[in-house]
Amino acid sequence: MFLNPRPTSISNFSGSLTGELFDMLKVKVLEDAEDRVSLQLDGVDRSYANAVRRFCLSEVPSMAIDDVVILENSSVLYDEILAHRLGMLPLKTDLERYILPEKCDCGTPLGCQKCRVLLVLDASAHEKTRTVYSGDLVSEDREISPISASIPVVKLAPGQTVKLEAYARLGRGKEHAKWQPATVSVLLDGKSEDSFVLKVESSGVLRPKEIVTKAVEILEEKLKEMQKEVSAKVE
Amino acid sequence: MSKQIRQLDSWVVLQDLLEKEGVARQHLNSYNEFYSRGLQSIVDEMGEVEVETVSTPYKVKFGKIEVGRPRVIEIDGSVSNVFPVETRLRNLSYAAPIYLDMTIEEEGLQREATRQHVGDLPVMVKSELCQLSKLAKEQLISAGEDPNDPGGYFIINGSERVIVGLEDLSPNKILVDLEKTGGVFSYKARVYSSVVGYRSKLEATLKQDGGINIKVPSCPIDLPFVIVMRALGIKSDKEIANSVSPKPEIQDLLEVSFDKASEAPTEKDALVYIGNRVAHGMLEEFRIKRAQSMLDWGFLPHLGKTDEKRYDKAMFLGEAIAKLMELRLGWIQPDDKDHYGNKVIKFAGQMLADLFRTAFRNLVRDMKYQLERTGQKRGGNVVGAAIRTGIITDKLNNAIATGNWGRGKVGVTQLLDRTNYLSTLSHLRRVQSPLSRSQPNFEARDLHATHFGRICPCETPEGVNCGLVKNLALSAIISVSVPAAEVEERLWELGAKSIRDVPDKLALDGTRIFMDGRFIGFVDDGERLAKAFRKLRREGQINPSASVMHYPPLNKRGYSRLYVSLSAGRVMRPLIVVEGGKPLLTQEMITKVASAELSWRDLVERGVVELIDANEEENSLVSMSAEEITSRHTHLELYPGAMFGISASVIPYPEHNQSPRNTYESAMAKQSLGFSSPTFPLSTFVRQHLLVTPQSALVRTKSTDLLKIAERPLGTNAVVAVLSFEGYNIEDAIIMNKSSVDRGFARSFFYRLYEAEAKQYLGGMRDTFEVPSPDSNIRGYRGEKFYRLLEADGVVMHEAQVQGGDVMVGRTSPPRFMEEYKEFEIKGPYRRDTSVAVRPTESGVVDAVFMTESVEGGKMFKVRVRDMRIPEIGDKFASRHGQKGVIGLVVPQEDMPYTEDGVVPDVIINPHAFPSRMTVGQFIESIAGKAASLRGTPADGTGFVGETVEDLGKIMKERGFEPTGREIMYDGKTGKKFAVDIFIGVVYYQKLHHMVVDKIHARARGQVQMLTKQPTEGRARGGGLRFGEMERDCLIAYGASMVLKDRLLDEADKAEVYVCEKCGLIAYYDAKQRRYACKVDGDSAKISTVVVAYAFKLLLQEMMSLNIAPRLRLRDKV
């Protein structure tokens, strides 16, 4: 698994990944914007750097609508399409206050305050054709709502109504693309062999820096877990 | 100098043409002509019917025929007008009543003029009879129709049927041919003389000995030419010879013919000669009569069926022989049967005319019988009572519904292809050849130079129908028939001389004039006449559909001929007239056409644009572009891209592809899913697909606008990288990005319609819709769980999730007659479960439930089930360049390669897809698509005139991309840079309707056939997978005999039979006496059990039924 040429014994591994594993590691922030971050990583092995890149896409949790209870839908879009569209809406995510449903001990299928957010949509068109936007969703948690209020969800002709409850949950990109916090996550070759540039663009659900640090955190967690397992077996 | 028109611009004229005329114009014109004129002429032909009653014979005279509006008659007799939407939904036929005026004429007195309903005529959608033809766009929408629907098809019993165009050899045209049979050349002249509904082939053969034989279908034996001429009333030999040609070389060749005809020197002798052959052994008077009627009815019927026309027929025959002789002398060349000028295409109108004629004849015959049977009892509505409207209605409906036209003509109609909009359009422009698909017919399948601009060079199926099924090019216009009288008048005015009084000089060296297969006269200078004719036509004095061709001979001694064609069904194409080296179409006109101030019709009327058929094109020199025009050119191409048909015209950069790739794509585009019609919420097609997020292509062609394809798209733009990927895209597989799939890439719905009608049976019994109850003695009760989704009325609820086997419409039927008496039936009357259930291999959500009433008055349900199809491994996709492949792997985004900008491809195709296939067009499309994305406007990839790679390269360069379309990419798994740059761009991908879920199949054990007890065949019946001969061979070779026995016997149709060892015949077990018995040997039988295949047992018994006694000789195994 570990292709690191540097002599880093697994059993010796402890503490923070960023702090002790790489003596030579240097991180330089090339760009730090609202929606993107660009880091120059020096003195790190490609496999670690790439793991971080991949984790930005597949492991960092974010909020997305997962279950939709449709009470009424007389629009032209089928329930499944409507649900799919809602799922694709990027929701502002707070990783402090919410946990992944599988880690939650509530045990209920619809989740609890810690692992889900309820959003409600109740829209109908009367005289004129109307477009329902992401802003029409009412969230029970004001902090957790679509990143933009002007994403079209469905068009309603006069007389049509959409009434639904949507349950947003944390999830991971590896399960479904709607839970990918990053739209762009690339690792580019830098000037020298051990130098890379990590560019991450956020869909807006998390701050780009947050995505990267979280990715590193998860990597660290996983390594720790592995260390535990391996040392338990080796002894 | 006037402004030179640019080639690129003149396509707006074609756009106007397609917009005004529609893609189904050929069907509509043909049909409109049929109902407005054809019907009446068929009735007039019949004229009247004589009712021969004993006392007072009378006649029923037929008058005016008229067709009403499309309507439906309900079971209670109420009549209401219908729109196509309703007919599709209720399985009705879209038909209108035909009314015919009938007058009884008795002893010269006319009385009782009545208007009778004689039957129903299927109405072509959007024809003049159709209500939709009068509606504006908004009205069409509120009528539930797609405003872009081209029409041109029929609706019979709720299903849309097209009468595909039928290619046919030009009628009434003398075609000479040189045939080589066994080393001997034989010269032949053929004419397919045809009048509506009747055709008679005339064949004149030049024999080895110099004699000429005439073959007519109504005469069993060939007739010598001179005798036929004499019988036609040409008295002197000189006249006969001159009617062929006054030229001595030709007359010399006729000598043998005159010698051979010496036995019948007079007209009467000739008639008797013929009479002896057509009515052998009859009275002489009768024989002559038969010979005459043969000449009038069976011989060249297109010239007329009366005795006055015999002179014309003789002249025509003379001309046929003249051509034959000129061919013999090498003055002219054999005619080319594959030349499109020698072909016409028959559309719905002509096809229906054939059918209506026989149907009407049957009706009249039946009417006569009915009237004669009723005899004297007149008064009231006798005539009306004698008309059985079903004769015409059923004949027409059945023919269109089945495609069975009688006389062995099958497959005339087809179910309209509604896979996507393009496939519908293409289907309406399809042309079939009557040539047999089982014979090679190599030349007929080849692309011919005259196909240019008429028939698409790319779009034809592969395999048996290759080259026989064709598609009209965008520029093809089918001629409508032109009234002959006025054109003929013009010809006389222009100096033509009739054949009846032609000066000798003119007959010797003049040009022979033909009008629609009639030899009408001579003119001194044919070329001048042709030019004058064209001038008049350009001035609007002659119908633009009329065409003229001057055909000079190969050798000066031969005749030059001038053909004027006025018939319907010739394929013409619009060309810009060039005069004095300048095209008449100006930029100014083009601008006006673009702004709708002028229409293409105006241009035709002004003689700026001309419709040219394949024959007339032989007299033209057409320039491809305005720059290449010389003084010799007569025409300029309107728009070169119009040489393609519907399917091929949407291929971007087709000129960069290897030719067959365009053919493959033409076939594949018709299988791609898209947005076929905005009426899909109400559509009731048995199977239908809908792409959820279709996109119009980023790289378009002119015909995207021309045909409004952008409004009815059939694919998605995909970011495509050309790269290998761990072997998962070898052999044409493609890699798909899982995130793209998650986000809805190429997601589609599949709809299947289930139908249930409550039928009424004899004796007042009827089907009922209900939830079958377990306690009410219902045969075939499936079990409670299958009915769980039904509501109280016996029909499923909306939006219910259904699985294979779930009942959607609960229905019970009365017992079948045959099952009524069963020996041990004690439970009394029972009902059968005839519920409609979801197909065993399918599932989905109940999308729509339609409740309506059929024409028979029974309640009818149509339940539509939808199933969402998310791309998965095994689903088929294709680009627009004949590059098809199935998904080999769906890869998570983090594993996918990425560019420096973070672009991750949706699709990865293997580089091996290109070298041998040479679909360079796809590369250019890829670059164009990428440039279009960067620029923000679609790119034009029209064949021959699209944006060039150089221009596109510039756009890319400006935006910091490589003009080659290549980029640095990294492997997502390792984060390593690829050693080479990767070609990546945007290509339009089509999802084809072959999806794994519809094909996946496996079986361990299951159903067996009732007769043979072998496993059933096919997925739909849960069938087994055949362990065939070759597989068997493998096991034999391997020596795995136990496996072999297991497959072929134990797990197939193993059966035990009792065999009497004494007689070797099959014995049986007598259950009453509890012993084995043999019918032959009785008590002395020794019976053994033998294991055989059930099919073998069946064979033995079948042989026994044929009075063969197959005896098995048994021996102990050890």
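Residues numbered from 1 in each chain as written. Chains lettered and ligands numbered in written order. Predicted model: local features only at pLDDT ≥ 70, side-chain atom pairs only at ≥ 80, totals over all residues. Heavy atoms only, no water.

Peer 1: Help me understand the overall build of chain B in this model?
Peer 2: A tally of regular secondary structure across chain B gives 30 helices and 55 strands. Counting only C-alpha atoms, chain B reaches 100 × 95 × 70 Å along its principal axes. Split into buried and exposed, the 1118 residues of chain B put 54% on the buried side. Of the accessible surface of chain B, which amounts to about 50,400 Å², a share of 53% is contributed by carbon and sulfur atoms. In chain B, 150 positive and 148 negative side-chain charges are present, and the distance between their average locations comes to 3 Å. (Helix = DSSP H or I, 4+ residues; strand = E, 2+ residues; numbered from the N terminus. Buried < 20%, exposed > 50% of the residue type's maximum accessible area, 1.4 Å probe, protein only. Areas by Shrake-Rupley, 256 points an atom, 1.4 Å probe, with all protein chains shown as cover. Lys, Arg positive; Asp, Glu negative; His and termini not counted. Charge placed at Lys NZ, Arg CZ, Asp CG, Glu CD.)

Peer 1: Please clarify how the packing of helix 1 (residues 11-21) of chain B against helix 20 (residues 587-594) of chain B should be interpreted in this entry.
Peer 2: Two measures define how a pair of helices packs: the angle their axes make with one another and the distance between the axes. Residues and elements named next belong to chain B. As a packed pair, helix 1 and helix 20 sit with axes 9 Å apart at the nearest point and diverge in direction by 35°. In this structure, helix 1 meets helix 20 at a crossing whose hand is left-handed. Contact residues: helix 1 offers Val12, Val13 and Asp16, while helix 20 offers Ile590, Val593 and Ala594. Here the residues of the contact of helix 1 with helix 20 are counted per class, giving five nonpolar, no polar and one charged. (Axes fitted to C-alpha atoms, helices over the stretch in contact; angles between N-to-C directions. Left-handed = near helix turned anticlockwise from the far one by under 90°. Contact = heavy atoms within 4.5 Å. Nonpolar A, V, L, I, M, F, W, Y, C, P; charged D, E, K, R; others polar.)

Peer 1: In this structure, what is going on with the packing of aromatic side chains? I would like to understand it.
Peer 2: Aromatic ring pairs: the centre-centre distance and the angle between the two ring planes describe each pair. Under the counting rule described, the total for this entry stands at 21 aromatic pairs over all chains. Relative to Tyr35 of chain B, the ring of Tyr31 of chain B has its centre 6.3 Å away and its plane inclined at 35°; by these criteria the two rings are tilted. Residue Tyr31 of chain B and its partner Tyr35 of chain B are located together in helix 2 (residues 25-46), separated by four residues, close to a single helical turn. Tyr35 of chain B carries the same exposure label as Tyr31 of chain B, and that label is buried. Pairing Tyr31 of chain B with Phe154 of chain B gives two aromatic rings, centres 5.6 Å apart and planes at 65°, and the pair type is edge-to-face. Placement of Tyr31 of chain B in helix 2 and of Phe154 of chain B in strand 7 (residues 154-156) is noted, with a sequence separation of 123 residues between them. Connected via pairs of aromatic rings, a cluster forms that spans Tyr31, Phe34, Tyr35, Phe62, Phe154, Phe356 and Phe360 of chain B. Between Lys247 of chain B and the ring centre of Tyr559 of chain B, over which it is positioned, the NZ or CZ distance is 4.2 Å. One cation-aromatic arrangement involves Arg866 of chain B over Tyr78 of chain A; the distance from NZ or CZ to the ring centre is 4.0 Å. (Phe/Tyr/Trp six-rings, centres within 6.5 Å; stacked < 30°, edge-to-face > 60°. Lys NZ or Arg CZ within 6 Å of the ring centre and 35° of its normal.)

Peer 1: How should I be thinking about the domain arrangement of chain A in this particular structure?
Peer 2: One widely used convention gives an interface's size as the accessible area the parts lose upon coming together. Residues and elements named next belong to chain A. When cut into domains, chain A gives domain 1 (8-60 + 181-234) and domain 2 (62-175). With centres defined by C-alpha atoms, the gap from domain 1 to domain 2 works out at 31 Å. At the interface, ten residues of domain 1 touch eleven residues of domain 2. Contact between domain 1 and domain 2 buries roughly 890 Å² in total, counting both sides, with carbon and sulfur atoms accounting for 52%. A per-residue breakdown of the area domain 1 buries against domain 2 is headed by Ser58, Glu59 and Val205, which together make up 45% of the total. Where domain 1 packs against domain 2, one counts two salt bridges. (Domains from an automatic or database assignment. Buried area = accessible area lost by both parts, 1.4 Å probe. Salt bridge = Lys/Arg side-chain N within 4 Å of Asp/Glu carboxyl O.)

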